[in-house]
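# Residue-level structure breakdown
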Amino acid sequence: MGMKKRVYGVLGISSIMANWNADFSGFPKTTSDGTTFGSDKAFKYPMKKMWENQGKKVLYIKSMKLSDKKGEVTLIPKTLKERYEQIYGVQDLKKCKDSKEILKNLFSAIDVKNFGATFAEEGSNISITGAVQIGQGFNKYKDTTPEEQSILSPFRDPKDVQKNEKKAKKSQDGEKQEEEAKNSTLGTKIVSNEAHYFYPFTINSLAYKEFEELGVTDGYTEEDYEIFKQTAITAATSFATNSKVGCENEFALFVETEEDFYLPTLSEYIEFEKDGVTENGITYNMIQINAPQLFNESKEWIKCIEIYYNPYTTKIRDQGVENIKYYNIITKKEVL
C-alpha cells in the first residue's frame with residue numbers, strides 16, 4: 001500500500017575540479033545567461049548505476065550488445081525492446097499481448113517505480129508519470145569558472161602524422177617538423193574549478209493510485225521512499241568516472257508533509273557561500289535555508305524535516321526553522 005505523505009526537498013552536489021554535467025561542447029552546462037546548471041538526468045544516472053550494481057532491475061539505462069552484420073562485429077546500444085526482454089527474460093515482446101503483465105513488469109523496475117516511464121513499443125503504448133520528480137539543479141556558487149586542461153595522449157594519431165609529414169616537406173626545417181610528427185597527440189579535459197548544484201524534488205505518493213486500482217502495483221511505498229532516500233544521498237559520491245571524480249553528495253533536505261499539503265520549489269530558498277578559513281586552514285561552506293516563516297507557519301501539516309550534510313566541510317544556517325533533525329551525510333548518524 002502506498003505511503004500516506006508527500007515529500008519535498010533539495011539535493012546538493014559539490015563539484016571540485018570535476019565536470020558534473022557537460023553539454024555537447026564538453027563544457028559544464030549553462031543557461032543562456034551563463035548560469036551553470038545540471039539536468040535531472042545527470043542526477044538520476046548515478047542513482048540508476050548504483051541500483052544496477054546492487055542487482056536491482058533497472059530498465060532505462062544504456063546497455064550494449066555485439067552486432068554481427070556480414071562478418072562485421074560492432075558494439076551498439078540495445079533497443080528498449082531488447083533491454084526489456086533481457087531483464088524480464090521475455091523471448092519476444094511482440095508476442096506479449098497482456099498489458100497487465102507488462103505493467104507489473106515495468107513497476108518491478110526500481111527506476112520506473114521512482115521516475116516513471118514512457119513505453120511505446122509495438123502493441124504497447126504505456127505512459128507512467130513518476131512519483132519522484134527531480135528539477136534542474138542550479139549552481140549557487142558565484143565564483144564558478146570552467147577550466148580547460150590539455151592532456152598528452154600515449155598514442156600518436158596517424159592522420160596528424162600524415163599532415164605533419166606533408167608540412168615537413170614544405171618546411172625548410174624539415175627535421176623539426178618530422179620530429180613533431182612522431183609525438184603523441186593532445187586531448188582536452190574540461191572541468192569546473194568549483195560548483196555547488198542544488199536540485200529541487202517532490203514525491204507524490206498518490207501518483208500510482210490509478211495503477212493500484214488496476215492491481216499492477218502496490219503504489220509508492222515507505223520502502224520505496226527509504227531506498228530512494230539512501231541512494232539520493234550516496235550515489236554521486238559513489239559514482240567515480242574520470243569526469244565525475246570530485247563530485248560528491250554534500251547536502252539533502254527532506255520535508256515530509258500530509259498528503260494534501262503543497263510546498264513551493266524549495267531550492268529557491270537555499271543560498272550558498274564560502275564561510276572563511278578555520279585555524280586549521282580548512283575553508284568551510286555555508287548553506288543557508290531562508291524559509292523559517294514558510295516552515296514554522298506550516299508545522300501543523302509538516303510531519304518532519306531532516307537535513308543531511310557533511311559537517312567536516314559545511315555549516316548550516318537554518319534561520320530559526322523549528323524541529324529540524326541533522327544527520328551526517330557520510331555516516332548517516334545524527335548530528336547533535
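Here goes a summary of the coordinates provided. (Residues numbered from 1 in each chain as written. Predicted model: local features only at pLDDT ≥ 70, side-chain atom pairs only at ≥ 80, totals over all residues. Heavy atoms only, no water.)

### Side note on the overall build of the protein chain
Looking only at helices and strands, the protein chain features ten helices and 16 strands. Its C-alpha atoms give the protein chain principal-axis dimensions of roughly 85 × 65 × 35 Å. Of all 336 residues assigned to the protein chain, the portion counted as buried reaches 44%. Sequence-distant contacts, at least 24 apart, represent 68% of the contacts inside the protein chain between residues at least 6 apart. Of the roughly 18500 Å² of accessible surface on the protein chain, a fraction of 48% belongs to carbon and sulfur atoms. With 46 positive and 51 negative side-chain charges, the protein chain shows a separation of 6 Å between the mean positions of the two kinds. (Helix = DSSP H or I, 4+ residues; strand = E, 2+ residues; numbered from the N terminus. Buried < 20%, exposed > 50% of the residue type's maximum accessible area, 1.4 Å probe, protein only. Contact = heavy atoms within 4.5 Å. Areas by Shrake-Rupley, 256 points an atom, 1.4 Å probe, with all protein chains shown as cover. Lys, Arg positive; Asp, Glu negative; His and termini not counted. Charge placed at Lys NZ, Arg CZ, Asp CG, Glu CD.)

### Comments concerning unusual backbone geometry
Backbone geometry at Gln 319 places phi at a positive 60 degrees, although glycine is not the residue there. By the element assignment, Gln 319 lies in the loop between strand 15 (314-317) and strand 16 (324-328). A relative accessible area of 37% places Gln 319 in the partly exposed class. Residues other than glycine seldom take positive phi values, yet Asn 323 does so here, at roughly 60 degrees. Along the chain, Asn 323 turns up in the loop between strand 15 and strand 16.

### Description of helix 2 (residues 80-88)
Considered for burial, the residues of helix 2 that qualify are Arg 83, Tyr 84, Glu 85, Ile 87 and Tyr 88. Looking at the buried residues of helix 2, the elements they touch are helix 1 (40-53), helix 3 (99-108) and strand 5 (116-121). Phi turns positive one or two residues past the end of helix 2, at Gly 89, with a value near 65 degrees.

### Details of a nonpolar patch on the surface
On the surface, Met 64, Leu 66, Val 73 and Leu 75 cluster together into a nonpolar patch covering about 420 Å² of accessible area. Secondary-structure elements contributing two or more residues to the nonpolar patch are strand 3 (64-69) and strand 4 (72-77). (Patch = residues over 30% accessible without salt bridge, like charges linked within 9 Å, V, L, I, M, F, W, Y side chains within 5 Å. Salt bridge = Lys/Arg side-chain N within 4 Å of Asp/Glu carboxyl O.)

### Concerning the pairing of strand 14 (residues 302-309)
In terms of residue burial, strand 14 counts as a mostly covered element, since six of its eight residues are buried. Both strand 11 (residues 247-257) and strand 14 contribute to a ladder of seven bridges, which runs antiparallel. Paired with Ala 252 across the two strands is Tyr 308, which belongs to strand 14. Where strand 14 and strand 16 come together, five bridges link them in parallel fashion. Counterpart to Ile 307 in the pairing with strand 16 is Tyr 326. (Pairing = 2+ DSSP bridges.)

### Notes on the pattern of salt bridges
The final tally for this structure, using the stated rule, is 17 salt bridges. Across the salt bridge formed by Glu 222 and Lys 5, the nearest N and O atoms sit 3.3 Å from each other. Here the residue Glu 222 occupies a position in helix 8 (residues 222-232), and Lys 5 occupies one in the segment before strand 1 (6-18), the gap between them amounting to 217 residues. On the basis of relative accessible area, Lys 5 is assigned to the buried category, the value being 8%. Ionic pairing is found between Lys 81 and Glu 85, a salt bridge with its closest N-O pair at 2.7 Å. One end of the pair, Lys 81, and the other, Glu 85, are both in helix 2, four residues apart, so they sit about a helical turn from each other. Several salt bridges share partner residues, and in doing so they unite Lys 5, Glu 222 and Glu 256 into one network.

### Description of the packing of helix 1 against helix 8
Remark: helix 1 packs on helix 8, axes separated minimally by 10 Å, with the N-to-C direction vectors making an angle of 110 degrees. Between helix 1 and helix 8, the angle falls in the class roughly perpendicular. Crossing of helix 1 over helix 8 shows right-handed handedness. Contacts from Phe 43, Met 47, Met 50 and Trp 51 of helix 1 reach helix 8 at Ile 227, Phe 228, Thr 231 and Ala 232. Tallied by class, residues from the contact of helix 1 with helix 8 come to seven nonpolar, one polar and no charged. (Axes fitted to C-alpha atoms, helices over the stretch in contact; angles between N-to-C directions. Parallel < 35°, antiparallel > 145°, perpendicular 65-115°, else oblique. Left-handed = near helix turned anticlockwise from the far one by under 90°. Nonpolar A, V, L, I, M, F, W, Y, C, P; charged D, E, K, R; others polar.)

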